[in-house]
Amino acid sequence: MTFPEIIGKKRDGESLTREEIARFVRGAGNGGLAGEQLAALLMAICIRGMTAEETAWLTEEMLQSGEMWHLADAVPEAVDKHSTGGIGDTVSLIFAPLMAAVGVPIAMMAGRGLGHSQGTLDKLEAIPGFRVGWDRGGMLDLLERCGAAVVAQTDDIAPADRTLYALRDITATVPSLPLIVGSIMSKKLALGAGTLSLDVKCGSGAFRKTLPEAKELAEALRSVARSAGVACEAVITEMDQPLGPALGTACEVRQAIEIIEGRGSAPLREVTLRLAEEALVLRGRDRTSARADLEKALDDGSAAVAWEAFVRAHCGNPDPDLLARPRRVVDVLAEGPGRLTAVDGEDLGRAAVEVGAGRRRLDEVIDYGGGIEVLVRLGDPIEPGQPLARVLLGERPVDEPAVIDKVREAFTLAHDAPEQPPLVYGTPELT
Ligand code: URA
């Protein structure tokens, strides 16, 4: 069968065989297939979906497209964490030093911005000098020196995912369940930590907008992890508005530092604590005492000490005054009175990408000074002329009026008080 015939099969809603999926993944990993062909099959998968069997094969083929680090053999107690992508989602930056502060080694293979969401690696690289490129030995060394390592996928880890991740980002094929599962789990299994805490985002700023969709993703990710022998829990969390007020890179690092120092956004702190608590429970700890230790680490300065060590070990300079600042800040004002009843998280995320927090083209550079700060939360009463958000403008040339309109239109005001979604929905069986 030719590759166009394989694309046609999926376009027409048929299931692919393992060998056909393997050809797709090989072609993505070794450059043997044209970008157009990969993109066409991605779109067909996005529209037609995949069976659980096809999804498992896709994940395995993506995993086997590269090397595996078998981290659990070297550091059995190491924990990995991953989010399915949201906005104002600064959790990973806090999670790593927090867990290190309570004595649990953290090893994450993180990603860059995808679609409307901002990536952990892009945020960390906003710290002057911070290095994310390490091999297995480098990661083990980081774990020994500071108890936490956050690294980029190397060329040899799940190389098919590197190509497909970048292509999905520019072809509107990010939200597909099998593509998300293959992408996340191929990297997680290639790293090979024994414990994995998953944050599955649900809402307007997530790739899965509804609770049934998020639940389906949480179950699929967890089941692939558990079948591979990983102790894994997936917690579904609310993403109907930004988790923390800042969307961007340098501004999110500042937001993380606030939480690490025991201050800052309560929802961001709470979701981080819940995911960390879940990881400690997976490692055999009692939930109540785990929670107490984590809260203490944020409040008594030990997470802040761990953050400094974490940044220095990755060659970064932890002085927050060195983080990029916006060149100019423009307030986005409310037009009418009312209550904030909805936030279009995807539009807000895209506006943040526009001003520099992400890439509009594969080769675009991040503008660390750019971003958005959201000043209101769902349910807040809003007066006309009240600032809803601040647009942080860096060096990247942007169509300022269009961005401001987009940000304003992302907020819906009405007269009735909205139903407040819970911040944490819980594990799939609790939802
Ligand atoms: N994170 C990933 O690594 N991949 C996805 O597809 C979504 C979030």
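The structure presented is a predicted model; accordingly, all values stated were derived computationally and were not measured. (Residues numbered from 1 in each chain as written. Predicted model: local features only at pLDDT ≥ 70, side-chain atom pairs only at ≥ 80, totals over all residues. Heavy atoms only, no water.)

Close contact between helix 8 (residues 136-146) and helix 15 (residues 302-313) brings their axes to 10 Å; oriented N to C, the two are set at 150°. Viewed along their axes, helix 8 and helix 15 adopt a mutual orientation that is roughly antiparallel. Where helix 8 crosses over helix 15, the handedness of that crossing is right-handed. Across the interface between the two elements, Leu142, Arg145 and Cys146 from helix 8 touch Ala309, Phe310 and Ala313 from helix 15. Residue composition of the contact of helix 8 with helix 15, grouped by class: five nonpolar, no polar and one charged. (Axes fitted to C-alpha atoms, helices over the stretch in contact; angles between N-to-C directions. Helix = DSSP H or I, 4+ residues; strand = E, 2+ residues; numbered from the N terminus. Parallel < 35°, antiparallel > 145°, perpendicular 65-115°, else oblique. Left-handed = near helix turned anticlockwise from the far one by under 90°. Contact = heavy atoms within 4.5 Å. Nonpolar A, V, L, I, M, F, W, Y, C, P; charged D, E, K, R; others polar.)

On to the side chain of Thr59, then. Looking at the secondary structure, you find Thr59 in helix 4 (residues 52-64). Residue contacts for Thr59: discarding those within four places in its chain leaves Val181, Gly182, Met185, Ser186 and Val224.

This part is about the sheet that holds strand 9 (residues 371-374). In space, the four strands of this open sheet follow the order 6-9-11-7, with antiparallel pairing throughout. Strands at the two margins of the open sheet, each flanked by one partner only, are strand 6 (246-248) and strand 7 (328-333). Averaged over all adjacent pairs, the angle separating strand axes in this sheet is 20°, with direction ignored. Sheet topology note: the strand 6/strand 9 ladder contains three bridges and is antiparallel. Residue Leu247 lies in a different strand from strand 9, and its bridge partner there is Ile372. On the sheet, helix 12 (residues 250-260) packs against strand 6 and strand 11 (387-393) and is oriented at approximately 140° with respect to strand 6. Running over the sheet, helix 17 (residues 400-409) touches strand 7, strand 9 and strand 11 and is turned about 45° from strand 7. (Pairing = 2+ DSSP bridges.)

Our next topic: the environment of Arg274. Here Arg274 shows up in helix 13 (residues 266-282). Separated by 150 residues in sequence, Arg274 and Val424 have C-alpha atoms that sit 8.3 Å apart.

With that settled, consider the sheet that holds strand 12 (residues 411-414). Within the open sheet, the three strands sit side by side as 10-8-12. Their pairing is antiparallel. On the outer flanks of this sheet lie strand 10 (381-382) and strand 12, each paired with one strand and no other. As paired strands, strand 8 (residues 338-343) and strand 12 are joined by four bridges and run antiparallel to one another. For Ala342, the partnering residue across the bridge sits in strand 12 and is Thr412.

For strand 11, the buried fraction is high: five of the seven residues fall into the buried class. Pairing of strand 7 with strand 11, which is carried by six bridges, proceeds in the antiparallel orientation. Residue pairing across strands places Leu333 opposite Pro387, the latter belonging to strand 11. Bridge count for strand 9 against strand 11 is four bridges, and the pairing is antiparallel. (Buried < 20%, exposed > 50% of the residue type's maximum accessible area, 1.4 Å probe, protein only.)

If you walk through the whole model with that rule in mind, you get two aromatic pairs. Aromatic pair Phe130 and Phe310: ring centres 5.7 Å apart, planes at 55°, arrangement tilted. Taken together, the residues span a long stretch of sequence, with Phe130 in the loop between helix 7 (120-124) and helix 8 and Phe310 in helix 15 at a distance of 180 residues. By relative accessible area, which is 6% here, Phe130 ends up buried. With a centroid separation of 5.8 Å and 40° between ring planes, the pair formed by Trp307 and Phe310 is classed as tilted. Here the residue Trp307 and the residue Phe310 both occupy positions in helix 15, the gap between them amounting to three residues, near one helical turn. (Phe/Tyr/Trp six-rings, centres within 6.5 Å; stacked < 30°, edge-to-face > 60°.)

Examined bridge by bridge, strand 8 and strand 10 share two bridges and lie antiparallel to one another. Considered in strand 10, the bridge of Arg339 is made with Pro381.

Here Ala172, not a glycine, exhibits a phi torsion of approximately 55°, which is positive. Examined against the element boundaries, Ala172 turns out to sit in the loop between helix 9 (159-169) and helix 10 (177-191). On the basis of relative accessibility, which here comes to 63%, the residue Ala172 falls in the exposed class. If you check the backbone angles, Cys315 has positive phi at about 70° while not being a glycine.

It is worth spelling out the site of the ligand at this point. In the vicinity of the ligand, the residues found are His82, Ser83, Thr84, Leu114, Tyr165, Arg168, Ile180, Ser183, Ile184 and Lys187. Separating a nitrogen atom of the ligand from a side-chain N or O atom of His82 is a distance of 3.1 Å. Ser183 places a polar side-chain atom, nitrogen or oxygen, 2.7 Å from a nitrogen atom of the ligand. Considered on its own, the ligand offers 240 Å² of accessible surface; in the complex 97% of this is hidden by protein. For the shell around the ligand, the secondary-structure elements that each account for two or more residues are strand 1 (79-83), helix 9 and helix 10. If one sorts the elements of the shell around the ligand by residue count, helix 10 sits on top with four residues. Among the residues making up the shell around the ligand, the classes are represented as four nonpolar, four polar and two charged. (Near = heavy atom within 4 Å. Polar contact = N/O pair within 3.5 Å; in protein donor to acceptor, adjacent residues only side chain to side chain. Areas by Shrake-Rupley, 256 points an atom, 1.4 Å probe, with all protein chains shown as cover.)

With that settled, consider the domain arrangement of the protein. Assigned domains of the protein: these are domain 1 (3-49), domain 2 (71-320) and domain 3 (324-414). The C-alpha-based centres of domain 2 and domain 3 are spaced at 24 Å. Summing the contributions of domain 2 and of domain 3, the shared interface buries around 2200 Å²; its carbon and sulfur component is 53%. On the domain 2 side of the contact with domain 3, His116, Gln241 and Leu247 bury the most area, a combined 23% of that side's loss. Of the charged contacts, one joins Glu346 and Lys209 as a salt bridge, the two residues approaching to 2.4 Å between their closest N and O atoms. The interface formed by domain 2 and domain 3 holds eleven residue pairs in polar contact (both at pLDDT 80 or more) in total. Of all the elements in the fold, those that place two or more residues in the side of domain 2 that touches domain 3 are helix 9, strand 6 and helix 12. When the residues that make up the side of domain 2 that touches domain 3 are grouped by side-chain class, the tally is 13 nonpolar, nine polar and eight charged. (Domains from an automatic or database assignment. Buried area = accessible area lost by both parts, 1.4 Å probe. Salt bridge = Lys/Arg side-chain N within 4 Å of Asp/Glu carboxyl O.)

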